[in-house]
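Coordinates in review
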Amino acid sequence: MSLNRMMSVRFTFIYAKIFTKSNTILIIIVTWLLAFSSSIVLLIDGCSFNFNVSIAEFHFDNTDCGRFLSFYVDIVYNSVLLSIVIPLDMYSLYSLHKITQRQVMSTRRIRREKPWFLQTLLNSTLFALMLACFHTAVLATTVVTRFFLTIVAWETWLLSPQIITVVVQKEYRIPYLKLFGRKIERSTTHSTTHTCSKVTVHH
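All of these numbers come straight from a predicted model, not from anything done at the bench.

1. Some thoughts on the state of the cysteines
Counted under the stated rule, the structure contains one disulfide. A sulfur-sulfur separation of 1.7 Å characterises the disulfide bridge that pairs C47 with C65. Sign of the S-S torsion, about 115° for the bond between C47 and C65, identifies this disulfide as right-handed. Placement of C47 in the loop between α3 (21–40) and β1 (49–52) and of C65 in helix α4 (residues 64–100) is noted, with a sequence separation of 18 residues between them. Taking relative accessible area as the criterion, C47 reaches 4% and is therefore assigned buried.

The structure is reproduced here in structure tokens:
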């Protein structure tokens, strides 16, 4: 997503050619397949990622496969990913700042790009915080602290993109507000009708 935002801000014409509707769908499918295939590895005997009740955290099997996944996937891959994502976000921020200094005509573009960039930046920040919590958990002295630094931090990060999308993106927030508004309205109407019925019966 950081690459997507950077190209949208900095290379507008190239972005329009690459991220067409069909290409975007293809990118999403490939992303899902990669995520699914990486999870399949954990089903192989000796490569599991299990929850240890005694220390209240997940860990890889103490095997060659488990140690490989623990180091190269859990540490190296995530560290490299973070080292790429953060500079991209910073460059996007710099590019947006430069656009705002050009002319008033760029106001519409800024309004369009700002929520998407904010969403990307928040996702990247929470990802970095999750990794920091996860890898500093070894310094924790209690099981409860380790549990919060690993499991709670991890699950919070997994849930955060959906929440951030609804909060930041107006077009995604409005349907939820309408849905909850209808439910509240129906609940209020039902409650009022029920109260009126009681009053009528009482009289």
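2. Side note on a nonpolar patch on the surface
Nonpolar side chains collect at one region of the surface, where F68, F71, Y72, V73, I75, Y77 and L81 lie side by side and expose about 650 Å² of accessible area between them. On the secondary structure map, V73 appears in helix α4.

3. Details of the pairing of strand β2 (residues 57–60)
Bridge count for β1 against β2 is four bridges, and the pairing is antiparallel. Looking at the pairing, N50 lines up with H59 of β2. Adjacent in sequence and paired antiparallel, β1 and β2 are bridged by four residues, among which A56 carries a positive phi angle near 55°.

4. What about the UniProt feature "transmembrane region" (unreviewed entry) in the protein chain?
According to UniProt, the positions carrying the feature "transmembrane region" (unreviewed entry) are residues 75–96 and 116–141. Across residues 116–141 one finds 81% helix and 0% strand; the C-alpha atoms that close the span lie 39 Å apart.

5. As for the environment of S83
Along the chain, S83 turns up in helix α4. For the pair S83 and A128, spaced 45 residues apart in the sequence, the C-alpha separation amounts to 9.7 Å.

6. Observations regarding the environment of R10
Inspection of the secondary structure puts R10 in helix α1 (residues 2–10). Through-space distance from the C-alpha of R10 to that of Y94 is 9.7 Å; in sequence the pair is 84 residues apart.

7. Some details on helix α6 (residues 143–168)
The terminal C-alpha atoms of α6, which comprises 26 residues, lie 35 Å apart, in line with the 38 Å expected from a rise of 1.5 Å per residue. The largest bend in α6 is about 40°, located at S160, with the proline P161 one to four residues further on. Buried residues of α6: R146, T150, I151, A153, S160, I164, T165 and V168, and no others.

8. Thoughts on the side chain of S48
For S48, the position within the fold is in the loop between α3 and β1. On the basis of relative accessible area, S48 is assigned to the buried category, the value being 18%. Discounting residues that sit within four places of it in the chain, S48 has contacts with L42, H59, F60 and D61.

Scoring rules and cut-offs
- Residues numbered from 1 in each chain as written.
- Predicted model: local features only at pLDDT ≥ 70, side-chain atom pairs only at ≥ 80, totals over all residues.
- Heavy atoms only, no water.
- Disulfide = S-S within 2.5 Å.
- Helix = DSSP H or I, 4+ residues; strand = E, 2+ residues; numbered from the N terminus.
- Buried < 20%, exposed > 50% of the residue type's maximum accessible area, 1.4 Å probe, protein only.
- Patch = residues over 30% accessible without salt bridge, like charges linked within 9 Å, V, L, I, M, F, W, Y side chains within 5 Å.
- Areas by Shrake-Rupley, 256 points an atom, 1.4 Å probe, with all protein chains shown as cover.
- Salt bridge = Lys/Arg side-chain N within 4 Å of Asp/Glu carboxyl O.
- Pairing = 2+ DSSP bridges.
- UniProt positions renumbered as here; feature names shortened; annotations may be inferred.
- Expected span 1.5 Å × (residues − 1).
- Bend = angle between axes of the 7 residues up to and from the residue.
- Contact = heavy atoms within 4.5 Å.

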